[in-house]
Amino acid sequence: MTNSTSCGDGKWCALSDALLGVPGVHISAVSEAASGLIVHVETDQTLAGCPACGVVAVGHSRRRIHLHDIPCFGRPVRLIWAKRLWQCQDKHCPKKVFSEHHPLAGKRAILTNRAVRWATDALER
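Residues numbered from 1 in each chain as written. Predicted model: local features only at pLDDT ≥ 70, side-chain atom pairs only at ≥ 80, totals over all residues. Heavy atoms only, no water.

### With respect to a nonpolar patch on the surface
Nonpolar side chains collect at one region of the surface, where Ile 110, Leu 111 and Val 116 lie side by side and expose about 250 Å² of accessible area between them. Here Ile 110 lies in the loop between β6 (97-99) and α2 (113-124). (Patch = residues over 30% accessible without salt bridge, like charges linked within 9 Å, V, L, I, M, F, W, Y side chains within 5 Å. Areas by Shrake-Rupley, 256 points an atom, 1.4 Å probe, with all protein chains shown as cover. Salt bridge = Lys/Arg side-chain N within 4 Å of Asp/Glu carboxyl O. Helix = DSSP H or I, 4+ residues; strand = E, 2+ residues; numbered from the N terminus.)

Here it is, written out as structure tokens:
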């Protein structure tokens, strides 16, 4: 079952985003699975410069990144991040396509950064 999280007046709902608690990341949908909650998220980044040459890039597409996050309401949570891909407009730039970065998770991560902190804190106790 997929539920729209739009509050009716826009693309994202501030109330749903407050539950997630990650600045710049918005919930686009929530669904339930036997393994827990699946939360679909995306960033609100609309402008990016090419890391190689600095030219303003244009949105190319999105890639779904599957991440394990901290439990919510006692249930396991998986985030599916629609990570934006950017395309450099400079024809001579060696970096044609690159992906956005966010403190939510590092490159090639399978855990969110806060899930890593949560697990580390649990081990310390």
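Next comes the rest of the description.
### Considerations on the pattern of salt bridges
What the rule picks out here adds up to two salt bridges. Two residues, Glu 32 and Arg 75, come together in a salt bridge whose shortest N-O distance is 3.3 Å. Residue Glu 32 is located in strand β2 (residues 25-33), and its partner Arg 75 is located in strand β5 (residues 75-87); the two are separated by 43 residues in the primary sequence. Between Arg 114 and Asp 69 there is a salt bridge whose closest N-O contact spans 2.7 Å. Residue Arg 114 is located in helix α2, and its partner Asp 69 is located in strand β4 (residues 58-72); the two are separated by 45 residues in the primary sequence. As far as the burial class goes, Arg 114 and Asp 69 line up, both buried. (Buried < 20%, exposed > 50% of the residue type's maximum accessible area, 1.4 Å probe, protein only.)

### Here's the deal with the side chain of Thr 43
Here Thr 43 shows up in strand β3 (residues 36-43). Judged by its relative accessible area of 2%, Thr 43 falls in the buried class. Polar contacts involving the side chain of Thr 43 include one to the side chain of Glu 100, which spans 2.5 Å. Leaving out residues up to four positions away in the same chain, Thr 43 has contacts with Trp 12, Gly 24, Val 25, His 26, Arg 62, Trp 81, Glu 100 and His 102. (Polar contact = N/O pair within 3.5 Å; in protein donor to acceptor, adjacent residues only side chain to side chain. Contact = heavy atoms within 4.5 Å.)

### With respect to the nonpolar core
If you look at the biggest cluster of nonpolar residues, it comprises 14 residues, and the most contacted ones within it are Leu 20, Val 39, Val 41, Leu 67, Leu 79, Trp 81 and Leu 104. Breaking this core down by element, the ones donating at least two residues are β2, β3, β4 and β5. Setting aside anything within four residues of it in sequence, one finds Trp 81 in contact with Val 41, Glu 42, Thr 43, Arg 63, Arg 64, Ile 65, Leu 67, Glu 100, His 102, Leu 104 and Ala 105. Counting seven residues, the second-largest nonpolar core is a separate cluster that includes Ala 48, Cys 50, Cys 88 and Phe 98. (Core = buried A, V, L, I, M, F, W, Y, C linked by side-chain atoms within 4.5 Å.)

### A closer look at the state of the cysteines
On inspection of all chains with the given rule, the structure shows zero disulfides. Cys 50 forms no disulfide, and the closest cysteine sulfur to it belongs to Cys 93, at a distance of 3.6 Å. (Disulfide = S-S within 2.5 Å.)

### Describing the pairing of β3
When you tally the buried positions in β3, you get seven out of eight residues, the bulk of the element. As paired elements, β2 and β3 share eight bridges and run antiparallel to each other. Its bridge partner being in β3, Glu 32 is matched across the sheet by Leu 37. Remark: two residues form the turn of the hairpin made by β2 and β3, two consecutive strands paired antiparallel. For β3 and β5, the ladder comprises five bridges, and the chain directions are parallel. Within β5, the residue paired with His 40 across the bridge is Ile 80. (Pairing = 2+ DSSP bridges.)

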